[in-house]
Amino acid sequence: DIDVTCTNGSSATIALGAGLNAIPASRRATDGTNFLAYTLRQPDNTTLWGDGVDYGNTLAITGTGATASYTVNLEADPSAAQAATYTDTVVITVDF
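Below, the structure is looked at part by part. On a predicted model such as this, the values are computed, not experimentally measured, just so you know.

## A look at the sheet that holds strand E4 (residues 35-41)
Step number 1: Pairing in this open sheet of 3 strands is antiparallel, and the strands run E3-E4-E7 from one edge to the other. Two strands bound the open sheet, and with one partner strand each, they are strand E3 (27-30) and strand E7 (73-76). Ignoring strand direction, the axes of neighbouring strands in this sheet form an average angle of 45°.
Step number 2: Of the strand pairs in this sheet, E4 and E7 are connected by 4 bridges, and their pairing is antiparallel. Paired with threonine 39 across the two strands is glutamate 75, which belongs to E7.

Shown next, in the form of structure tokens:
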């Protein structure tokens, strides 16, 4: 989850970067040798989550003054990868 606290009534957007192993139109996690393509989806589990340019839309939020949690849903097809532990680093940007 991503936890964000914004002033009551303020508008913000949450963007997710491409990750360290991305190629055009595909985020990828790696085990150091192999890659596993994946997507990140917004809390509705339908909308792709990205930076508004690549990999999906930003998430628009309105602050309440309290901390709000936003679930990041990951979807991958493990049948297309070697059995291993795959990792990636995605930058989260909150613009307000």
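## Concerning the sheet that holds strand E2 (residues 11-16)
Strands belonging to one sheet form pairs held by backbone hydrogen bonds; the direction of such a pair is parallel or antiparallel.
Step number 1: Taken in spatial order, the 3 strands make up an open sheet running E5-E2-E8, and their pairing is antiparallel. The outermost strands of the open sheet, each flanked by one partner alone, are strand E5 (59-62) and strand E8 (92-95). When the angles between neighbouring strand axes are averaged without regard to direction, this sheet yields 25°.
Step number 2: Alignment of E2 against E8, held across 4 bridges, turns out to be antiparallel. Residue isoleucine 14 lies in a different strand from E8, and its bridge partner there is valine 94.

What counts and how
Residues numbered from 1 in each chain as written. Predicted model: local features only at pLDDT ≥ 70, side-chain atom pairs only at ≥ 80, totals over all residues. Heavy atoms only, no water. Pairing = 2+ DSSP bridges. Helix = DSSP H or I, 4+ residues; strand = E, 2+ residues; numbered from the N terminus. Axes fitted to C-alpha atoms, helices over the stretch in contact; angles between N-to-C directions.

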